[in-house]
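Observations on the three-dimensional arrangement
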Amino acid sequence: MRRSAPLLTRLTAVVAGFVLAVAGAVTLAAPAQAASLTQVTSFGSNPGNLAMYAYRPDNLPANPPAVVLLHGCTQNANAYFTNSGWRKYADQWKFALIVAEQKSANNATSCFNWFEPGDTARGQGEALSIKQMVDHATANFGVDAGRVFVSGLSAGAAMSAVMLAAYPDVFAAGSIVAGIPYRCATSMVNAFSCMNPGTDKSPAAWGDLVRGAYPGYGGPRPRVAIWHGASDTTVAPLNGAESRDQWTNVRGVSQTPTSTTSLPGGTSLEVYGNDDVRLYRVSGMGHGTPVDPGSGADQCGTAGAYFLDTICSAYRDALFFGLDGGGGDPTTPPPTTTPPPAPTCVTASNYAHVTAGRAYQSGGYAYANGSGQRMGLYNTFYTSTLKQTGPNYWVIGC
């Protein structure tokens, strides 16, 4: 037995804020083609005791790419496959989907155990189980081992970061949706603080955690897209910025964006380096996967609990991964891209920052708007310097 009943009880308390409630059972309409999500019952030693599901569209060509999908807490493989929008582009651009599923025997709320060292290290636990799913798909489905990607939501996003850190030799790129930097938490005790208000480390410190996941590795590192709702109160927006710091450092590029872009759904896109890292900030969005139901080329998914009607993240990620063959969508006009503005820096008391709308106060402390970084006591005596890096987005320092 992998975990005792008391531990599962404690896990329930820790991950309660990370739970993604699925409102009712989702019924998948009968597809026009024969392909369906199918369970793979034997794919390796499976030390993490996970379930594997696979979707191979009809007329899948030889050596196709594959995307690994990791659901959030209380969700399952079918719910994420059905609602996230990835099936549309797998059918359209002909790539396979590998959907991992957590079991309640491992975690009381079916969260991937993103905070357990035994499940987040290379060659162990749940991380190894997911890697074995990729190995199975490569050996049995003919998947191109050089074009494997990973994307996940919430606890699944935190596990996506695990896979990118522990297996840079397996994944070419990945997407972290409302997630957490790799190795922010290494126990149940600090999982809560990583989620909210988040943990502030230097880019080098975050990067060292990733480099330590596979000591001695000298090969290429995955490209990473990061999505975060600006109004996420479950996993604080600071995590999006800290994930950006982690992966830009790992990729060896600056934490200053090379371009900023306005996209639909109140979304801003910051690109770092030569499209090494992307950070999508979705204004007004809470905790969930961004979807945009509709028949347009850039629309996808089904809106519901934790599938939030803003923008189709699967479409943007599929393009980022190069799954469309590199041509993009000719019917979608290119976004207007502008160089990043010069940062605005303001030094004032925490009281003045809150009064001016650069910060907010909670529980006697002041927090920077956007990043959620804690500035110290909310009073007229405690002084902070804030730098504006985006619309209503402030960070400590200048």
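Residues numbered from 1 in each chain as written. Predicted model: local features only at pLDDT ≥ 70, side-chain atom pairs only at ≥ 80, totals over all residues. Heavy atoms only, no water.

Let's shift gears to empty space enclosed by the protein. Inspection of the entire model under this criterion finds three cavities of 30 Å³ or more. Volume-wise, the largest cavity comes out at about 50 Å³. Around the largest cavity sit His 228, Gly 229, Ala 230, Pro 237, Gly 240, Leu 279, Arg 281 and Tyr 393, which together line it. Counting residues per element, the ones that place at least two in the lining of the largest cavity are β7 (223-229) and β10 (277-282). (1 Å grid on protein atoms, 1.4 Å probe; cavity = no way out; pocket = protein on both sides within 12 Å on 5 of 7 lines; lining within 4 Å. Points joined across faces, edges and corners; volume = space filled by probe spheres on them. Helix = DSSP H or I, 4+ residues; strand = E, 2+ residues; numbered from the N terminus.)

The next point concerns the confidence of the model for the protein. The share of residues in the protein with pLDDT of 70 or more is 86%, and the mean pLDDT across the chain is 88. In the model, residues 1-32 has pLDDT below 50 throughout and makes 74 contacts with residues more than four positions away in sequence or in other chains. The low-confidence segment residues 327-340, where pLDDT is below 50, has 22 contacts with residues more than four positions distant or belonging to other chains. (pLDDT = per-residue confidence, 0-100. Contact = heavy atoms within 4.5 Å.)

All right, on to the pattern of salt bridges then. Between side chains of opposite charge, pairing is possible as soon as their charged atoms come close. On inspection of all chains with the given rule, the structure shows twelve salt bridges. Between Arg 211 and Asp 208 there is a salt bridge; the shortest N-O distance is 2.9 Å. Here the residue Arg 211 and the residue Asp 208 both occupy positions in helix α8 (residues 203-211), the gap between them amounting to three residues, near one helical turn. Among the residues examined, Arg 211 registers a relative accessible area of 31% and is labelled partly exposed. In this structure, the salt-bridge partner of Glu 270 is Arg 244, at a minimum N-O distance of 4.0 Å. Separated by 26 residues along the polypeptide, Glu 270 in strand β9 (residues 267-272) and Arg 244 in helix α9 (residues 238-251) bring together distant segments of the chain. On the basis of relative accessibility, which here comes to 5%, the residue Glu 270 falls in the buried class. (Salt bridge = Lys/Arg side-chain N within 4 Å of Asp/Glu carboxyl O. Buried < 20%, exposed > 50% of the residue type's maximum accessible area, 1.4 Å probe, protein only.)

Sheet architecture is open: three strands sit in the order β15-β16-β17, paired in antiparallel fashion. Two strands close off the open sheet at either side, each with one partner strand: β15 (359-362) and β17 (374-377). Along the sheet, successive strands turn relative to each other by an average axial angle of 25°, direction set aside. Here strand β16 (residues 365-368) pairs with β17 via three bridges, running antiparallel. Looking across to β17, one finds that Tyr 365 is bridged to Leu 377. (Pairing = 2+ DSSP bridges. Axes fitted to C-alpha atoms, helices over the stretch in contact; angles between N-to-C directions.)

A general feature of soluble globular proteins is that nonpolar side chains tend to end up buried together. Core analysis: the largest hydrophobic core is formed by 45 residues, its most contacted members being Val 68, Leu 70, Ile 130, Tyr 167, Phe 171 and Trp 247. Top element by residues in this core is helix α6 (residues 155-166). It accounts for eight residues. In this structure Ile 130 touches Leu 50, Val 68, Leu 70, Ala 100, Met 159 and Met 163, once residues within four positions along its chain are discounted. Grouped together as the second largest cluster of nonpolar side chains are 41 residues, Ala 35, Trp 86, Leu 263 and Leu 323 included. (Core = buried A, V, L, I, M, F, W, Y, C linked by side-chain atoms within 4.5 Å.)

With that out of the way, let us pick up the side chain of Asn 46. Tracing the chain through its elements places Asn 46 in the loop between β1 (38-40) and β2 (51-55). For Asn 46, a relative accessible area of 17% translates into the label buried. A distance of 2.8 Å separates the side chain of Asn 46 from the backbone oxygen of Leu 50, its partner in a polar contact. Leave out the neighbours within four places in its chain, and Asn 46 touches Ser 129 and Gln 132. (Polar contact = N/O pair within 3.5 Å; in protein donor to acceptor, adjacent residues only side chain to side chain.)

Take unusual backbone geometry next. The general pattern is negative phi for most residues beyond glycine and trans for most peptide bonds. Here the amide bond leading from Asn 196 into Pro 197 is cis, since omega sits at 20°, within 30 degrees of zero. Summarising the element assignment, Pro 197 is placed in the loop between α7 (191-195) and α8. One non-glycine residue with positive phi stands out, namely Arg 183, at about 65°. The backbone of Asp 275 sits at a positive phi, close to 60°, despite the residue not being glycine.

For α8, the set of buried residues is Trp 206, Gly 207 and Val 210. Taken around the axis of α8, the buried residues stretch over an arc of 100°, which confines them to a single face. Structurally, α8 contributes buried residues whose contacts are with α6 and α9. (Arc of directions from axis to C-beta.)

Looking at the element boundaries, Asn 83 is found in helix α2 (residues 77-83). Accessibility expressed as a relative area gives 5% for Asn 83, which makes it buried. Here the side chain of Asn 83 touches Ala 79 through a polar contact of 2.9 Å, landing on its backbone oxygen.

For the coordinates displayed, the defined rule picks out three disulfides. The side chain of Cys 73 participates in a disulfide bridge whose partner is Cys 111; the two sulfur atoms lie 2.0 Å from each other. Here the S-S torsion is close to 120°, and the disulfide linking Cys 73 with Cys 111 is therefore right-handed. Here Cys 73, found in the loop between β3 (66-70) and α2, pairs with Cys 111, found in the loop between β4 (96-101) and α4 (117-120); they are 38 residues apart in sequence, far enough to count as distant. Classification of Cys 73 as buried rests on a relative accessible area of 0%. Relative accessible area serves as the criterion here: at 0%, Cys 111 is assigned to the buried category. Across a sulfur-sulfur distance of 2.1 Å, Cys 184 and Cys 194 are joined as a disulfide pair. Residues Cys 184 and Cys 194 share a disulfide whose torsion about the S-S bond is about -105°; that sign makes it left-handed. Of this pair, Cys 184 sits in the loop between β6 (173-177) and α7 while Cys 194 sits in helix α7, and the two are ten residues apart along the sequence. The pair formed by Cys 184 and Cys 194 is uniform in burial state, with each residue classed as buried. (Disulfide = S-S within 2.5 Å.)

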